[in-house]
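# Observations on the model geometry
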Amino acid sequence: MVVINRGRTTAIVIRNDGIKVTLVPMKSGKLSARTVPFSEFRAEWTETGYALPLALTTFLSHVMKWGASLEVSRGLEKLAARDRFVVASLF
């Protein structure tokens, strides 16, 4: 899921267990994950119409250039792998 906050920061949700949400806000430099309670996430962030595959490409390109924490790298790779599997099953 691609989300945006009031400060116009775009982020990708890499984990949501209904209690806590882990997201990766786009920023300059090395990317890091942020974990917030689900209620705070719902109050602060809203889903965008931005396509997940395009967002993943953008975030992964940023990681290749500037780096990311291990949690972010693994989370984005898992999301990309899951997205490829879902799209492949449609054809």
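Please refer to the structure higher up on the page.
The text that follows walks through the structure, step by step, so that each part is easy to find. This is a predicted model, so every value here is computed, not measured.

## What about the overall build of the protein chain?
Counting its regular elements, the protein chain contains three helices and five strands. Walking the protein chain from its N terminus toward its C terminus, one meets helices and strands in the order β-β-β-β-α-β-α-α. Taking 91 residues into account, the globule formula puts the C-alpha radius of gyration at 12 Å, and the protein chain, at 13 Å, falls close to it. Overall size of the protein chain, expressed as C-alpha extent along the three principal axes, is 35 × 30 × 20 Å. Long-range contacts, defined as pairs at least 24 residues apart, comprise 50% of the intrachain contacts of the protein chain with a sequence gap of at least 6. For the protein chain, the distance from the average site of its 13 positive side-chain charges to the average site of its 7 negative ones is 4 Å.

## Details of unusual backbone geometry
Unusually for a residue other than glycine, R8 sits at a positive phi of about 65°. One can find R8 in the loop between β1 (2–5) and β2 (10–16). Residue R8 is classed as exposed on the basis of its relative accessible area of 68%.

## A look at the nonpolar core
In this structure, I12, V24, L31, L56, F59, V72 and L76 are the most contacted members of the largest nonpolar core, which totals 15 residues. The set of elements that each furnish at least two residues to this core consists of β2, α2 (52–66) and α3 (70–89). No other element matches α2, which puts five residues into this core. Contact partners of L76, with chain neighbours within four places excluded, come to I12, I14, L56, F59, L60 and V63. Counting residues in hydrophobic clusters, the runner-up holds eight residues, among them V13, L23, F41 and W45.

## Quick word on the packing of aromatic side chains
All told, the structure shown has one aromatic pair when counted by the stated rule. Between F38 and F41, the aromatic rings sit 6.4 Å apart at their centres with planes inclined by 40°, giving tilted as the arrangement. Residue F38 and its partner F41 are both found in helix α1 (residues 38–44); the two are separated by three residues, about one turn of the helix. Judged by its relative accessible area of 26%, F38 is partly exposed.

## Regarding the sheet that holds β2
As summarised here, the arrangement of the five strands in space is β4-β3-β2-β1-β5, forming an open sheet in which the pairing is antiparallel. Edge positions in the sheet fall to β4 (34–37) and β5 (45–47), since each of these pairs with one other strand and no more. Averaged over all pairs of adjacent strands, the angle between strand axes in this sheet comes to 40°, irrespective of strand direction. Sheet analysis places β2 next to strand β3 (residues 20–25), joined by five bridges and oriented antiparallel. Across the sheet, the residue bridging to A11 is P25, located in β3. Strand contacts of α2: β1, β2 and β3, with the helix running at about 100° to β2, the strand carrying the most contacts.

What counts and what doesn't
- Residues numbered from 1 in each chain as written.
- Predicted model: local features only at pLDDT ≥ 70, side-chain atom pairs only at ≥ 80, totals over all residues.
- Heavy atoms only, no water.
- Helix = DSSP H or I, 4+ residues; strand = E, 2+ residues; numbered from the N terminus.
- Rg over C-alpha atoms; globule rule 2.2 N^0.38 Å.
- Contact = heavy atoms within 4.5 Å.
- Lys, Arg positive; Asp, Glu negative; His and termini not counted.
- Charge placed at Lys NZ, Arg CZ, Asp CG, Glu CD.
- Buried < 20%, exposed > 50% of the residue type's maximum accessible area, 1.4 Å probe, protein only.
- Core = buried A, V, L, I, M, F, W, Y, C linked by side-chain atoms within 4.5 Å.
- Phe/Tyr/Trp six-rings, centres within 6.5 Å; stacked < 30°, edge-to-face > 60°.
- Pairing = 2+ DSSP bridges.
- Axes fitted to C-alpha atoms, helices over the stretch in contact; angles between N-to-C directions.

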